[in-house]
Amino acid sequence: KGSKQMAVVVDIDDTMLDNSPYQAQAILENFQYPTKWDEWCMQANAKPMPGAVEFMQYVQSKNIDIFYVSNRKAKLNEATAKNLANLGFPQVEDKHLMLQTAELCKENRRKKIQETHDIILLVGDNVNDFFNFTENKGVEERIRIIDSLQNDFGFKYIMLPNTTYGDWEGAIYNYDYAQAESKKDSIRK
């Protein structure tokens, strides 16, 4: 219990919204993110992840504020808000929808929320949805950090594992995304 209003912070993509149709299209048409990503988002017709709407409605019923912190670009704000609101997600107003502006790291957006709220739970599909300690770290260092925080998972951090994409992939490439696709495929395998 703290002195501030309680808040739950959630990621959007593949945490609240299911982007598997975009991923399937990328496979079928042989392209990779970010190709056609903005177009997908502008359609505003992603379906919810199972249980996501119901959980967010439950959070709201407990008078807890919800913040959607995403690395979708700010220019996608209107379409993102429309998609979430049409599905029944609560608290989708601008002050609760924090998309990417200048920086990719979500830490400053979380700190902004902490100025007025006690964050009691973070939900995401990537550890960078919770903290920035693992950014640009190698695989072994990431494992060590996660292991040191294992007691917080399931209580403070709810991880919805995303095996399709995420920062884990950058770590296995040593963050060298410019490598040939054949080499990246070999590393993944």
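Whatever comes next refers back to the structure up there.
Keep in mind the model is a prediction, meaning the values are calculated, not measured.

1. What to know about the overall build of the protein
- The helix and strand tally for the protein stands at 8 helices and 7 strands.
- Principal-axis analysis of the C-alpha atoms gives the protein an extent of 50 × 40 × 30 Å.
- Taking all 189 residues of the protein together, the buried fraction comes to 42%.
- Looking at the protein alone, contacts between residues at least 24 apart form 71% of all its contacts between residues at least 6 apart.
- Distance between charge centroids for the protein: 2 Å, based on 23 positive and 28 negative side chains.

2. Notes on the pattern of salt bridges
- In this structure the tally under the stated criterion is 8 salt bridges.
- With a closest N to O distance of 2.5 Å, E29 and K36 form a salt bridge.
- Of the residues examined, E29 reaches a relative accessible area of 42% and is grouped as partly exposed.
- For E107, the salt bridge identified is with R110, shortest N-O distance 2.7 Å. Pair noted here: E107 and R110 are both in helix α5 (residues 107–114), with a separation of 3 residues, about one helical turn.
- For E107, a relative accessible area of 17% puts it in the buried group.

3. A word on the packing of aromatic side chains
- A full pass over the atoms with the stated rule returns 11 aromatic pairs.
- Ring centres 5.7 Å apart and planes at 70° place the aromatic pair Y33 and W37 in the edge-to-face group.
- For the pair F131 and F133, a centre-to-centre distance of 4.7 Å together with 10° between the ring planes defines the contact as stacked.
- Aromatic rings pair up to connect F130, F131, F133, F153 and Y157 into one cluster.

4. Let's talk about the nonpolar core
- Among the nonpolar cores identified, the biggest contains 28 residues, and V10, M56, Y68, L84 and F89 are the most heavily contacted of them.
- Mapped onto this core, the elements with two or more residues apiece are β1 (5–10), α1 (20–29), α2 (37–43), α3 (52–61), β4 (65–73), α4 (77–87), β5 (97–100) and β6 (117–124).
- Looking at this core, the element that brings in the most residues is α3, giving 4 residues.
- Each residue touching Y68, except ones within four places of it in the same chain, is listed here: V10, I12, M16, M56, L84, F89, P90, Q91, V92, H96, L97 and M98.
- One finds F67, I119, L149 and Y157 within the second-largest nonpolar core, a separate group that totals 14 residues.

5. A short note on the sheet that holds β6
- Spatially, β5-β4-β1-β6-β7 is the arrangement adopted by the 5 strands of the open sheet, whose pairing is parallel. Of all the strands in the sheet, just β5 and β7 (157–159) have a single pairing partner and so form its edges. Averaged over all pairs of adjacent strands, the angle between strand axes in this sheet comes to 20°, irrespective of strand direction.
- Two elements, β4 and β5, share 3 bridges in a ladder whose sense is parallel. Paired with V69 across the two strands is M98, which belongs to β5.

The rules behind the values
- Residues numbered from 1 in each chain as written.
- Predicted model: local features only at pLDDT ≥ 70, side-chain atom pairs only at ≥ 80, totals over all residues.
- Heavy atoms only, no water.
- Helix = DSSP H or I, 4+ residues; strand = E, 2+ residues; numbered from the N terminus.
- Buried < 20%, exposed > 50% of the residue type's maximum accessible area, 1.4 Å probe, protein only.
- Contact = heavy atoms within 4.5 Å.
- Lys, Arg positive; Asp, Glu negative; His and termini not counted.
- Charge placed at Lys NZ, Arg CZ, Asp CG, Glu CD.
- Salt bridge = Lys/Arg side-chain N within 4 Å of Asp/Glu carboxyl O.
- Phe/Tyr/Trp six-rings, centres within 6.5 Å; stacked < 30°, edge-to-face > 60°.
- Core = buried A, V, L, I, M, F, W, Y, C linked by side-chain atoms within 4.5 Å.
- Pairing = 2+ DSSP bridges.
- Axes fitted to C-alpha atoms, helices over the stretch in contact; angles between N-to-C directions.

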